[in-house]
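Coordinate analysis (summary)
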Amino acid sequence: MAALLFWWNQDLQAQAETFHSIAPAVQAARMGRGINVLSADPIWTDPQRARFKFEDFKRIREGGFRTVRLNLHGFAHMNDDGALDPAWLETLDRVVQAALAADLIVILDEHDYSVCDRDVARCQRRLTEFWLQIADRYKSSPNTVLFEILNEPHGVINDDNWNVILRATLRTIRLSNPTRNVIIGPAFYNSIHHLVALTLPSDDNIIVTVHYYDPMSFTHQGARWNPATAALSGVSWGTRSDYAHVFQDLAQVQTWATAHNRPILLGEFGAYERGDLASRVRYTAAVARTAEAMGWAWAYWQFDGDFIAFDVDRDEWVKPIWQALTAAQP
C-alpha cells in the first residue's frame, strides 16, 4: 500500500483547509435535484474526444439542478499496485473544479459495480486502494464534495458481505475525512427492498441512497443489456395504480429513513428511450415529485448516453424530460 503514497497529489494536500462539516440532513436538503454525468464519456481516456464540455456544468446549474453525480470507473485506471493513473486523476481534478465553479454539489461515485459483482476479495481490495487515494486527495475540498462508496453492489456481493465491505471502506475514508458526508446504499443494485438488510455503523455523517426503476418491464423495455426486458415493447405507464405503486414504494423507504434517522438520496431513476415519450414523462415527473414530497435529494439517470435528459448532438435539453424533472411549465 505504501506505493500508493507516490501518487497522492501534493498540491491539493497543501491547499488551505476549506472543509467544514455539515449535517447530512442539511446537506441532502441542499442537494435537491441532481443528475448523473460522465458514466461512459471519452473524457476519461482521451479528454480531447469528450462529449461532455465543462460549460455543460453551468448549463446544468442554470437548468434547475443543484447536484451532479460523477460516475467514476476508477478500477480501470489503476496499475497492478493499485495506484491510480496520474493523468486520470488530473482529469478528475479538472472535472471537479469545473463543477464546483458552476456552484454544483459534487458526488464522487465509485461506479465499478460490474467488476465487484464477480470477486468479493478483489472488490474490497480495489475499493480500499481507490478510496485511500481519492479520500486523501480531496480531504481539503469543501463539503460540497461527497463520496459514494460503490454504485449498485450486487452479484457475489450480497447483503451480508456488503455490510462488512462498506464498514471497512468507510474506515479507510475516515482516516483522512473524519466528518465528510458519505453516501451508502443497500445491496442488490441499491434496491429499496434490501434497505432492511443494510447495517450501518454508528457514524453520524452518512446519507443513504436507493435506486428506483420499478416496474422494470416499463423502465427497461427494449434495453439489450437486461435480458428480462430486452424483448419487451409497447409497455405504457400512467394508470392510477401505477402512481399508487410509486408512492407506496417510496413511502416504505421514508418509513425506514424516519426509523433510522437517515436522509435519503434517490441516486438513480428514469425510463429508457424505447418506451413511449408520454409515459416516460409521466413516470419521470411522478418519481421526482414523490421523492421531493418525501424530502429527498435525487439524481436522474442521466445527462448523456441513454435515458438522456440532454441531447449533446443537438446541444439542447430533451425538453419534455427536462420539464418533467424540473417541473418547468411547457
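Up top you'll find the structure we're talking about.
The paragraphs below set out a description of the structure included in this document. Just so it is clear, the model here is predicted, and its values are computed rather than measured.

Glancing now at the state of the cysteines. This model, assessed by the stated rule, comprises 1 disulfide. The disulfide bridge from Cys-116 ends at Cys-123, spanning 2.0 Å between sulfur atoms. What sets the handedness of the Cys-116 and Cys-123 disulfide is the S-S torsion sign, and at about 85° it is right-handed. Pair check on accessibility: Cys-116 and Cys-123 agree, each one buried.

Below, the discussion takes up the side chain of Asn-71. Turning to its location among the elements, Asn-71 is positioned in strand β2 (residues 67–72). Side chain to side chain, Asn-71 and Asp-109 meet in a polar contact 2.9 Å long. Excluding residues that lie within four positions of it along the chain, Asn-71 makes contacts with Asn-36, Val-37, Leu-38, Ser-39, Trp-44, Asp-109, His-111 and Trp-301.

The packing of two helices is summarised by the inter-axis angle and the distance between the axes. The N-to-C vectors of helix α11 (residues 277–293) and helix α12 (residues 319–326) enclose an angle of 20°; their axes lie 7 Å apart at closest approach. Comparing their axes, α12 and α11 come out roughly parallel. Remark: the crossing between α11 and α12 carries right-handed chirality. Judged by residue contacts, Leu-277, Arg-280, Val-281, Thr-284, Ala-285, Ala-288, Arg-289 and Glu-292 of α11 engage Pro-320, Ile-321, Ala-324, Leu-325 and Thr-326 from α12.

Strand order around the closed barrel formed by 8 strands is β1-β2-β3-β4-β5-β6-β7-β8, with parallel pairing between neighbours. Strand-to-strand, the axes of this sheet are offset by a mean angle of 25°, without reference to chain direction. Note that β2 and strand β3 (residues 105–110) share 6 bridges and pair parallel. Bridge pairing in β3 places Leu-70 opposite Leu-108.

The omega torsion of the bond from Asp-214 to Pro-215 falls at -5°, within 30 degrees of zero and hence cis. In this model, Trp-301 is joined to Gln-302 through a cis peptide bond whose omega is 0°. Looking at where Gln-302 falls in the secondary structure, it is placed in the loop between β8 (297–300) and β9 (310–311). We note that Glu-152 has phi near 45°; this positive angle belongs to a residue other than glycine. Topologically, Glu-152 is positioned in the loop between β4 (145–148) and α7 (159–174). On the basis of relative accessible area, Glu-152 is assigned to the buried category, the value being 8%. The phi angle at Phe-307 is positive, at roughly 55°, despite the residue not being glycine. Along the polypeptide, Phe-307 turns up in the loop between β8 and β9. Residue class for Phe-307 comes out buried when judged on its relative accessible area of 2%.

Our next topic: the packing of aromatic side chains. Summed over the entire model, instances satisfying the criterion amount to 21 aromatic pairs. Geometrically, the ring pair formed by Trp-44 and Trp-88 is tilted, given 5.7 Å between the ring centres and 40° between the ring planes. Remark: Trp-88 occurs in helix α4 (residues 86–101) and Trp-44 occurs in the loop between β1 (33–37) and α3 (55–62); sequence separation between them is 44 residues. In this pair, the class of Trp-44 matches that of Trp-88, namely buried. Three or more aromatic residues joined by ring pairs make a cluster, and in this case those are Phe-52, Phe-57, Phe-65, Phe-269, Trp-298, Tyr-300, Phe-303, Phe-310 and Trp-317.

Bringing the pairing of β2 into the picture now. On a regular strand, one side chain projects to one face of the sheet and the next to the other, so that they alternate. Counted residue by residue, β2 has 6 buried out of 6 residues, so it is predominantly covered. On β2, burial covers both faces: Thr-67, Arg-69 and Asn-71 on one face and Val-68, Leu-70 and Leu-72 on the other are all buried. Here β1 runs beside β2; their pairing, made up of 4 bridges, is parallel. By the bridge assignment for β2, Gly-34 is matched with Thr-67. Handedness of the crossover joining β1 and β2 through α3: right-handed.

Calculation notes
Residues numbered from 1 in each chain as written. Predicted model: local features only at pLDDT ≥ 70, side-chain atom pairs only at ≥ 80, totals over all residues. Heavy atoms only, no water. Disulfide = S-S within 2.5 Å. Buried < 20%, exposed > 50% of the residue type's maximum accessible area, 1.4 Å probe, protein only. Helix = DSSP H or I, 4+ residues; strand = E, 2+ residues; numbered from the N terminus. Polar contact = N/O pair within 3.5 Å; in protein donor to acceptor, adjacent residues only side chain to side chain. Contact = heavy atoms within 4.5 Å. Axes fitted to C-alpha atoms, helices over the stretch in contact; angles between N-to-C directions. Parallel < 35°, antiparallel > 145°, perpendicular 65-115°, else oblique. Left-handed = near helix turned anticlockwise from the far one by under 90°. Pairing = 2+ DSSP bridges. Phe/Tyr/Trp six-rings, centres within 6.5 Å; stacked < 30°, edge-to-face > 60°. Right-handed = clockwise from strand over helix to strand, strands pointing away.

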